[in-house]
Each structure stands twice: as structure tokens, then as C-alpha cells.
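The primary structure of each chain is shown beneath.
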Amino acid sequence: MPNFQRIMDKLSNALDILDFSFLISGGTTLGIVYIYLTYFQGLEFTLLHQGFIGICCILLIAYVCGLFSWSIGKYIRRKYFLKTTDKNANQSNEDHCFETLFNTINDNISSNPKNQYPFKDNTLNYTYMWNKIAQSKDVEVQERYNFINKYWVMQAIFEGLIGSAMIGIILCLLSITQISYIEYTSCGDFCNNWQSIIGKCNYAIGALIAFIILLLRSAVEARKNAEVQIKEVVIAYYLFFIEPKKYNRIITL
């Protein structure tokens, strides 16, 4: 009887070719822009009524928006949300996490640790560990790789949501500015449509608060997944490639 988990892992690997996790943040970004253009700008879109072709176009646009949101979110997280350690103000908590675990593992290696890693730069060593695990043909190592890869996917999703939230914040500020401009420069429009204007402003402020919360929480969750990913990669490399005999493992390279 086939292993259901392995079937799901193979399906997940197939989807990783295009990384459909981008559709989550991309769909969120597309939805935010759509609501802004239709509700605050009064525009109408007929693409939703084009049947199968329209759906394919929407998915493509959502995927592109996901790539864009992820690039923005990753930059924002690494620029503004990477905490620094007390010992080294120039070292992020993720780098500190890797350095600490890397040194701890080296202290427990029975053989010469200098022969276990090809680079002096630990950042390159981390990439080397990733590639070593990913390219292994051993079933157990591949299962561990699929497990670790899920944390990368979750990190990418949350980084994409950071970008989506940032776009939402910008559009909310534009909406509030536009409503305020109408209020203070077009008294006639305000007097005739004050209920609609105030309602739109309340919605924009509420959405702004929600997007700020989403941005902050997504940054925290992305950092957590990144740190777990680092720990899993280093420990997996140690167990499977440095001292596999110590744990009764024979690895097929």
C-alpha cells in the first residue's frame, strides 16, 4: 500500500516548480487592489465575467502579484524586522541562531570539524548544507528535506503577506488623503455626500489598522519559520552526513 505522506510530498514537490505559495499573497494583494479601485475609485472590471479565460488571467495576475509582494516583503523584513543580538549589533538574530547552533554542533563532532565544511564563510556553509540535503537520494533524507521545505514555504507566504499588507497600508493612506481632500476643498460635495464620505473614511482607517497588525504578525511568523528552518537544516546535516554511523544510519548519496 503506498505511503500517503510520500504521495503528498511528491505532489508538493511538483507544485514547487512554480511555487504556488505565491498565489496566497498574490491573491491577497490582488483583492486589496481590486477593492480599492472598485470601492474607492468607482472603477469596474469585466475580466471576472470572461469565463475560463478570465479565471486564467486572474490566476496569472495573482501569481505575478505574489512574486512582487514576496520581493517587497522579504526586503522589508530583512531591512527593518531582523533583530540584532546584544553581543554584535551588526548580526541579526537569524545569523546568531545559525552561528550558535553551528558552533555547538562543531563542539560535539568526534572527528575534526574543519574537514566537515568546505567554506570558511558560514553563510556559504549553510547553503552547502541545504544543497547536500536536497540532492541526497536517501529516502529518509528526502523526507527530512520535504519537512524542512515546508518551513521555507511558510516563510515565503508570510513574507509575501508583509508585502500585501504594505500595499494595503499605502492604498489606505491614499484613500484617507483623497477623502480628506474632498472634505476640505469641496464643501458642496461633503454636504451632499457626508454619510458616504465618513463611511469610506471609517472603512479606510479600520483597514489601515488591520493591515498594520497583519504586517507585524507576518514579520514575526516569517522570522520564526526562518529560525526553525535553520535549526532543522543544521541538525539534519549533522545527523545524516557528519556522524551517521553514530545514529545507525547509512546514507545513500
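Everything numeric in this text was worked out from a predicted model, so none of it was measured.

*Asks:* In this structure, what is going on with the overall build of the protein chain? I would like to understand it.
*Replies:* In terms of helices and strands, the protein chain carries 7 helices and 0 strands. In sequence order, the protein chain lays out its α and β elements as α-α-α-α-α-α-α. Looking at the protein chain as a whole, 37% of its 253 residues are labelled buried. For the protein chain, the accessible surface area stands at approximately 15600 Å², while carbon and sulfur atoms represent 63% of it.

*Asks:* Sorry if this is basic, but what is going on with helix α2 (residues 22-40) here?
*Replies:* Note that an α-helix has 3.6 residues per turn; residues three or four places apart therefore point the same way. The end-to-end C-alpha distance of α2, which contains 19 residues, comes to 26 Å, matching closely the 27 Å that a straight helix rising 1.5 Å per residue would cover. The positive-phi residue at the C-terminal boundary of α2 is Gly42, with phi of around 75°.

*Asks:* Just checking my understanding: could you explain the pattern of salt bridges for this structure?
*Replies:* Close approach of charged atoms allows side chains with opposite charge to pair. For the coordinates displayed, the defined rule picks out 6 salt bridges. The closest approach of N and O atoms between Glu159 and Arg77, which form a salt bridge, is 2.8 Å. Taken together, the residues span a long stretch of sequence, with Glu159 in helix α6 (residues 139-185) and Arg77 in helix α3 (residues 51-80) at a distance of 82 residues. Through salt bridges with shared partners, a single network forms among Lys74, Arg77 and Glu159.

*Asks:* Can you walk me through a nonpolar patch on the surface in this structure?
*Replies:* A cluster of nonpolar side chains, namely Tyr34, Ile35, Tyr39, Leu43, Phe45 and Tyr203, defines an oily patch on the protein surface of about 600 Å² accessible area. Looking at the nonpolar patch, the element that brings in the most residues is α2, giving 3 residues. By secondary structure assignment, the location of Tyr39 is in helix α2.

*Asks:* Could you clarify how one ought to interpret the packing of α2 against α3 in this entry?
*Replies:* Packed helices, taken two at a time, are described by their axes: the angle between them and the distance between them. Put simply, α2 and α3 touch, their axes get as near as 7 Å, and they point 100° apart. By the angle class used here, α2 and α3 are roughly perpendicular. Contacts between α2 and α3 involve Phe22, Leu23, Ser25, Gly26, Gly27, Thr29 and Leu30 on the former and, on the latter, Ile58, Leu59, Ile61, Ala62, Tyr63, Cys65, Gly66, Leu67, Ser69 and Trp70. When its residues are assigned to classes, the contact of α2 with α3 shows 11 nonpolar, 6 polar and no charged.

*Asks:* Explain the nonpolar core here, please?
*Replies:* Most often, soluble globular proteins keep nonpolar side chains buried together rather than apart. In this structure, Phe40, Ile162, Ile169, Leu171, Leu208, Phe211 and Leu215 are the most contacted members of the largest nonpolar core, which totals 18 residues. Broken down by secondary-structure element, the contributors of at least two residues to this core are α2, α6 and α7 (187-242). It is α6 that contributes the most residues to this core, 8 residues altogether. Excluding its chain neighbours within four sequence positions, the residues that come into contact with Phe211 are Ile32, Ala165, Gly168, Ile169 and Cys172. Counting residues in hydrophobic clusters, the runner-up holds 16 residues, among them Tyr126, Ile148, Tyr237 and Ile242.

*Asks:* Which parts of the structure should I look at to understand the state of the cysteines?
*Replies:* Should the sulfur atoms of two cysteines be covalently bonded, the bond is a disulfide. Scanning all chains against the criterion turns up 0 disulfides. In this model Cys57 remains outside any disulfide bridge; the closest cysteine sulfur is found in Cys56, 6.9 Å from its own.

*Asks:* Can you walk me through the packing of aromatic side chains in this structure?
*Replies:* Two descriptors summarise a pair of aromatic rings, namely the distance from one centre to the other and the angle between the planes of the rings. This structure, assessed with the given rule, holds 7 aromatic pairs. A ring pair is formed by Tyr128 and Tyr237, whose centres lie 6.1 Å apart and whose planes are at 70°; its orientation type is edge-to-face. Of this pair, Tyr128 sits in helix α5 (residues 122-135) while Tyr237 sits in helix α7, and the two are 109 residues apart along the sequence. Residue classification places Tyr128 among the partly exposed residues on the basis of a relative accessible area of 25%. Residue classification places Tyr237 among the buried residues on the basis of a relative accessible area of 4%. Consider the rings of Phe147 and Tyr151, whose centres lie 5.3 Å apart with planes at 80°: the pair is edge-to-face. With a gap of 4 residues between them, Phe147 and Tyr151 both fall in helix α6, about one helical turn apart. Note on Phe147: relative accessible area 33%, which makes it partly exposed.

*Asks:* Any chance you could explain the confidence of the model for the protein chain here in plain terms?
*Replies:* Predicted coordinates in areas of low pLDDT are best not read in detail. The share of residues in the protein chain with pLDDT of 70 or more is 66%, and the mean pLDDT across the chain is 77. The weakest mean pLDDT in the protein chain belongs to helix α1 (residues 4-15) at 55; the strongest belongs to α2 at 89.

Criteria and cut-off values
Residues numbered from 1 in each chain as written. Predicted model: local features only at pLDDT ≥ 70, side-chain atom pairs only at ≥ 80, totals over all residues. Heavy atoms only, no water. Helix = DSSP H or I, 4+ residues; strand = E, 2+ residues; numbered from the N terminus. Buried < 20%, exposed > 50% of the residue type's maximum accessible area, 1.4 Å probe, protein only. Areas by Shrake-Rupley, 256 points an atom, 1.4 Å probe, with all protein chains shown as cover. Expected span 1.5 Å × (residues − 1). Salt bridge = Lys/Arg side-chain N within 4 Å of Asp/Glu carboxyl O. Patch = residues over 30% accessible without salt bridge, like charges linked within 9 Å, V, L, I, M, F, W, Y side chains within 5 Å. Axes fitted to C-alpha atoms, helices over the stretch in contact; angles between N-to-C directions. Parallel < 35°, antiparallel > 145°, perpendicular 65-115°, else oblique. Contact = heavy atoms within 4.5 Å. Nonpolar A, V, L, I, M, F, W, Y, C, P; charged D, E, K, R; others polar. Core = buried A, V, L, I, M, F, W, Y, C linked by side-chain atoms within 4.5 Å. Disulfide = S-S within 2.5 Å. Phe/Tyr/Trp six-rings, centres within 6.5 Å; stacked < 30°, edge-to-face > 60°. pLDDT = per-residue confidence, 0-100.

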